[in-house]
Amino acid sequence: MTAPVNDRTDRACLVAFACLDGIGPATLAALVEHGAVSDAWERLESGRASSVPALAAVGRRVDGTETLEGLTAHARQLDPLTVLERHDDHGIDVLIDGDPAFPSRLAGDPSPIPLLFASGRLAAAEQVLVAIVGTRNATRLGCDTAGELALALARRGIGVVSGLALGIDGAAHRAMIEVQGGVADVGPPVGVVAAGLDLTYPRRHQGLQRQVGEQGLLLSEVPLGVAPSRWRFPARNRVIAALARAVIVVESPSSGGSMLTAGEALARDVPVLAVPGHPATPNAAGPLDLIADGAVALRDVEDVLVAIGRGGQALAVPDLAGPGPLDATPGPLGRAVLEALGVRPRTLGQLVTGLDRTLEEVASELVALESAGLVARSGGWFEATAHGARPLP
Amino acid sequence: VFTTIPSAIVVGVDGHRVSVEVHLGNGLPGLTIVGLPDASCREARDRVRAAVVAAGVTWPNRRLTVNLAPSSTRKIGSGLDLAIAVGVMVTSGAIDPEQVRGIGFVGEVGLDGTVRPVPGILPLVDAMDCDEVVVAVASATDAELVDGPKVRAVANLGELRLALRGEAPWPDHPRPVASPPEVRRADLREVRGQALARRALEISAAGAHHLLMIGPPGAGKTMLASRIAGLLPDLDREVAMEVSRIHSAAGQTLAGGLIRRPQFRAPHHTATMASLVGGGTEAVRPGELSLAHGGVLFLDELAEFGPSVLDALRQPLEEGVVRVSRARFSSTMPARVLLVAAMNPCPCGEAGEPGRCRCPDGALARYHRRLSGPLVDRFDLRIDVARPDPEELLGGPTGEDTDAVVARVVRARQRAEARGVVANAHLRGGSLERWAPMEPGASALLAEALEAGRLSARGLDRVRRVALTIADLADHDGPLGAAQVAAALGLRAEVRLGMGAVA
């Protein structure tokens with residue numbers, strides 16, 4: 001743990017530094033370590049940035065004086081105290097490593113996390129959290145699985161941390177939001193985002209992000225109003241990995257953000273669990289790679305509990321997400337359809353050809369399966385839901 | 001001395017009669033053309049003068065005034081040359097006015113007196129409404145397609161003058177007999193596998209339902225689309241005449257006969273709005289949409305077309321005509337087409353299958369922003385076409401051939417005719433209760449789809465029409481069954497705009 005930054009001007013200057021392009025957590029940490037952040041800010045404003053070691057390093061990194069001049073020009077447009085007040089006005093907590101309220105799991109992280117912005121219940125960061133991450137372009141089955149896991153964990157009082165991205169991340173949080181109201185002692189949702197907390201990326205998740213902030217906690221390393229640059233996303237992933245007691249990868253191609261999160265988790269000795277999929281599906285490649293490398297193959301939520309040392313507790317709550325399938329027992333054709341969809345999504349055309357039935361027969365069956373909640377339609381493709389993918393009685 | 005010679009011009013696809021009035025009076029020698037001629041038309045002055053002299057007529061040394069009536073419409077092109085030349089010959093005394101009475105003239109003249117063909121001969125001859133028309137030799141075959149007038153073909157002004165004066169018989173030039181190019185019809189039998197897509201083609205052809213095929217590169221979308229024109233029945237005489245007029249107005253020679261087969265037009269995605277819907281600043285020309293009238297307009301790579309170009313299609317698709325309006329004129333052109341479109345689900349081509357696309361989010365959003373919801377809504381049939389399995393391609397059974405399918409399509413269209421429309425897609429929403437009643441199971445299915453948000457209210461009638469076509473193809477009488485409605489629902493995939501429809 002580093003020395004706390006207590007002086008308000010120093011805090012304001014640190015936030016202002018975080019607003020500048022080209023200044024990341026490493027530079028901020030170096031500034032804090034060096035002390036006298038407000039002095040560094042003054043030097044930057046007056047064009048003497050190269051006399052501050054941490055800033056001179058920024059100049060060297062990206063080739064010379066031009067960068068420092070750019071920083072100076074940008075800095076002159078900012079008033080640190082105004083920037084800090086803006087965060088206060090928005091009800092955003094500014095957390096600096098060393099503050100009493102700074103999340104304990106992030107303090108002293110191997111890759112420095114010097115500064116965080118938070119909105120919501122700070123206590124959520126101190127609860128037991130499990131990360132659920134995965135690809136943005138997920139299948140229906142993947143989203144269902146993420147949602148069910150999130151729900152099962154929440155009902156055991158375990159919070160779920162994720163990145164509020166499209167696909168798996170969003171599905172995990174969305175499922176939790178539905179269960180939050182009314183039930184006591186459920187685990188909170190924690191969202192770590194790569195943009196300032198007044199922005200939403202992706203925009204489609206505006207509502208979801210707001211709800212996570214209301215019912216749990218939103219964290220970001222980025223000050224208000226700052227749009228996410230490309231490098232912010234992998235940086236965000238390391239915060240997720242550092243907060244979590246275990247990281248679950250639901251669906252992912254063999255490279256991508258979720259695999260980076262898994263890597264960050266391994267670097268911190270956080271257990272990684274992967275939901276195995278069929279090798280024919282592209283989104284199974286990531287989890288299968290992880291399992292081959294020694295990650296735990298996740299079969300149900302019990303595997304997660306064991307990984308975080310809470311195994312063997314009695315299950316007081318039903319395990320299923322949402323309403324179960326209607327009392328539908330598919331006939332032979334329905335079973336054949338579900339079997340075909342169990343491996344990977346299919347178009348109507350592929351089903352008609354593969355099952356060698358007429359369009360009318362297959363279409364009628366699909367409509368029945370869809371209203372029973374066993375099959376979901378995505379454009380012209382049909383997918384099994386989590387209910388539909390389970391072995392039938 | 002004054003004379004009036006009938007002729008015509010083309011605006012859009014319609015001919016308009018023009019009276020060419022020629023007056024020879026006192027004044028400085030010269031020829032003035034009035035009555036809103038454009039540049040190409042005003043140039044007739046110089047062409048006509050040389051041509052008349054070449055025909056052996058002495059140019060009158062007095063003032064000639066040519067008025068093109070009605071003088072409010074703009075006259076474009078060189079088709080009035082011949083009428084002006086004849087008018088000059090009549091007023092200068094080289095031909096007796098009685099000898100041209102009731103004869104219409106259309107054609108361009110060369111400096112040596114040659115008579116040349118002009119585009120749009122079909123609507124032109126139709127509009128002149130004369131008992132006898134004189135055209136260029138190359139135009140004669142097309143001109144004869146119009147019922148009524150006696151067609152005289154001349155090669156040059158000299159022989160025209162002799163024939164009009166009765167000094168020589170009308171020349172009997174051999175008509176150019178260009179038999180229509182024998183297009184090899186792409187047969188449906190050559191399509192292996194793709195059972196559902198074949199079915200969709202059949203339903204689309206039978207009910208005139210617009211069809212959108214979404215699939216990765218190599219799935220066979222273009223191959224399938226090129227077979228759909230072959231599934232449409234021959235055009236009836238009225239539509240064949242309309243189609244022939246349109247093609248004539250676009251400057252095509254019809255090569256011996258009305259266009260009887262539905263056309264298949266596949267404009268490239270760089271097409272401009274004017275080339276697709278028709279228009280132009282000076283002369284209105286029919287666009288691809290009108291050239292495909294009665295047939296198929298195929299838009300490959302739909303999302304690559306300009307968004308404004310695509311949106312310009314919406315009104316014509318609904319009304320069956322294109323209305324082009326410019327400051328000086330407006331024109332209405334027939335454009336009742338079967339729209340068939342194909343597109344990749346995303347730039348990488350794999351987004352159709354959930355969890356497979358690897359396009360960046362922004363690229364996907366940009367790609368889908370090009371398609372407007374209202375346009376997508378025009379497609380009654382929207383299917384995803386996946387790449388066929390290799391076994392299917394190599395060893396699979398060949399499907400039915402085109403003729404077998406055409407027989408069913410014709411039967412289905414006959415059933416539609418009994419309802420007072422050409423095809424089911426043209427049934428009005430209000431008449432569906434009468435023509436497409438549903439069994440309770442079928443309406444329950446639609447009600448559920450509506451409630452679950454899987455179907456929009458706009459889509460409801462469209463699904464019903466498609467279900468009716470499916471029933472027609474199966475010779476099914478009585479109310480629509482749940483199976484037919486389910487099939488129609490299955491063939492109407494929501495076009496997902498962007499990935500992650502679920503989360």
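Report follows, based on the coordinates.

Attention now goes to the overall build of chain A. For chain A, the count of helices and strands is 17 helices and twelve strands. If one aligns the C-alpha atoms of chain A with their principal axes, the spans along those axes are about 80 × 45 × 40 Å. Out of the 393 residues in chain A, the part that is buried amounts to 55%. Relative to all contacts within chain A whose residues are 6 or more apart in sequence, the contacts with residues 24 or more apart total 73%. Carbon and sulfur atoms make up 52% of the accessible area of chain A, which amounts to about 16,000 Å² in all. Averaged over its 32 positive side-chain charges, chain A has a centre that lies 2 Å from the centre of its 44 negative ones.

This brings us to the packing of aromatic side chains. Residues and elements named next belong to chain B. Going through the model one piece at a time under the given rule, you end up with three aromatic pairs over all chains. The interplanar angle of 25 degrees and the centroid separation of 5.9 Å between the aromatic rings of F264 and F298 together place this pair among those described as stacked. Within this pair, whereas F264 is found in strand β11 (residues 264-265), its partner F298 is found in strand β12 (residues 296-299), the two being separated by 34 residues in sequence.

Turning to the sheet that holds β11(B), a few remarks are in order. Residues and elements named next belong to chain B. The five strands are arranged β11-β12-β15-β10-β16 in an open sheet whose pairing can be described as parallel. Sheet topology places β11 and β16 (381-384) at the edges, where each strand pairs with a single neighbour. Sheet analysis places strand β10 (residues 211-214) next to strand β15 (residues 338-343), joined by four bridges and oriented parallel. Residue pairing in the sheet places I214 in a bridge with M343 of β15. Set on the sheet, helix α7 (residues 195-207) makes contact with β10, β15 and β16; between it and β16 the angle comes to about 170 degrees.

The next subject is helix α15 (residues 348-355) of chain A. Residues A:L348, A:G349, A:L351 and A:V352 constitute the buried set of α15(A). In a view along the axis of α15(A), the buried residues occupy a sector of 165 degrees, so they form one face of it. On the buried face of α15(A), the contacting elements are α14 (332-343), β10 (346-347), α16 (359-371) and β12 (381-384) of chain A together with α7 and α21 (482-490) of chain B. Positioned one or two residues after α15(A), A:D356 has a phi angle of 55 degrees, which is positive.

Right, let's get into the side chain of B:H173. Residue and element names in this part refer to chain B. Among the secondary structure elements, H173 is positioned in the loop between α6 (157-165) and α7. A distance of 2.4 Å separates the side chain of H173 from the side chain of E159, its partner in a polar contact. Beyond its immediate stretch of four places on either side in the chain, H173 contacts V137, A153, V154, A155 and E159.

Residues and elements named next belong to chain B. With respect to topology, three strands assemble into an open sheet ordered β5-β8-β9, the strand pairing being parallel. The sheet terminates laterally at β5 (103-105) and β9 (150-154), the two strands that pair on one side only. Going across the sheet, the axis of each strand differs from the next one's by a mean of 25 degrees, ignoring polarity. Note that strand β8 (residues 132-136) and β9 share five bridges and pair parallel. Within β9, the position partnered with V134 by the bridge is R152. Contacting β5 and β8, helix α4 (residues 121-128) crosses the sheet at an angle of about 155 degrees to β8.

Along the polypeptide, A:S252 turns up in the loop between β7 (246-249) and α11 (257-267). Apart from the residues within four sequence positions on either side, A:S252 is in contact with A:T135, A:S258, A:M259, A:P282, A:N283, A:A284, A:A285, A:G286 and A:P287.

Our next topic: the pattern of salt bridges. Pairs can form between side chains of opposite charge once their charged atoms are near each other. The tally for this structure, following the rule as stated, stands at 37 salt bridges over all chains. Linking A:D39 and A:R43 is a salt bridge whose minimum nitrogen-to-oxygen distance equals 3.2 Å. In this pair, A:D39 and A:R43 are both assigned in helix α3 (residues 37-45), four residues apart and thus about one turn of the helix distant. On the basis of relative accessible area, A:D39 is assigned to the partly exposed category, the value being 33%. Assessed through its relative accessible area of 25%, A:R43 is described here as partly exposed. When the shortest N-O distance is used, the salt bridge between A:E214 and A:R210 registers 3.4 Å. You can see A:E214 and its partner A:R210 sitting in helix α9 (residues 206-215), four residues apart, about one turn around the helix. Owing to a relative accessible area of 53%, A:E214 belongs among the exposed residues under this scheme. Within this structure, B:R411, B:R415, B:R419, B:D472, B:D475 and B:D477 form a network of salt bridges that share partners.

Residue and element names in this part refer to chain A. Taking 1.5 Å per residue, 13 residues should reach 18 Å; α16 reaches 18 Å between its end C-alpha atoms and fits that length. Looking at α16, one finds that the buried residues are L359, E360, V362, A363, E365, L366, V367, L369 and E370. Of the residues one or two after α16, G373 is the one with positive phi, at around 80 degrees.

So, how was this worked out
Residues numbered from 1 in each chain as written. Chains lettered and ligands numbered in written order. Predicted model: local features only at pLDDT ≥ 70, side-chain atom pairs only at ≥ 80, totals over all residues. Heavy atoms only, no water. Helix = DSSP H or I, 4+ residues; strand = E, 2+ residues; numbered from the N terminus. Buried < 20%, exposed > 50% of the residue type's maximum accessible area, 1.4 Å probe, protein only. Contact = heavy atoms within 4.5 Å. Areas by Shrake-Rupley, 256 points an atom, 1.4 Å probe, with all protein chains shown as cover. Lys, Arg positive; Asp, Glu negative; His and termini not counted. Charge placed at Lys NZ, Arg CZ, Asp CG, Glu CD. Phe/Tyr/Trp six-rings, centres within 6.5 Å; stacked < 30°, edge-to-face > 60°. Pairing = 2+ DSSP bridges. Axes fitted to C-alpha atoms, helices over the stretch in contact; angles between N-to-C directions. Arc of directions from axis to C-beta. Polar contact = N/O pair within 3.5 Å; in protein donor to acceptor, adjacent residues only side chain to side chain. Salt bridge = Lys/Arg side-chain N within 4 Å of Asp/Glu carboxyl O. Expected span 1.5 Å × (residues − 1).

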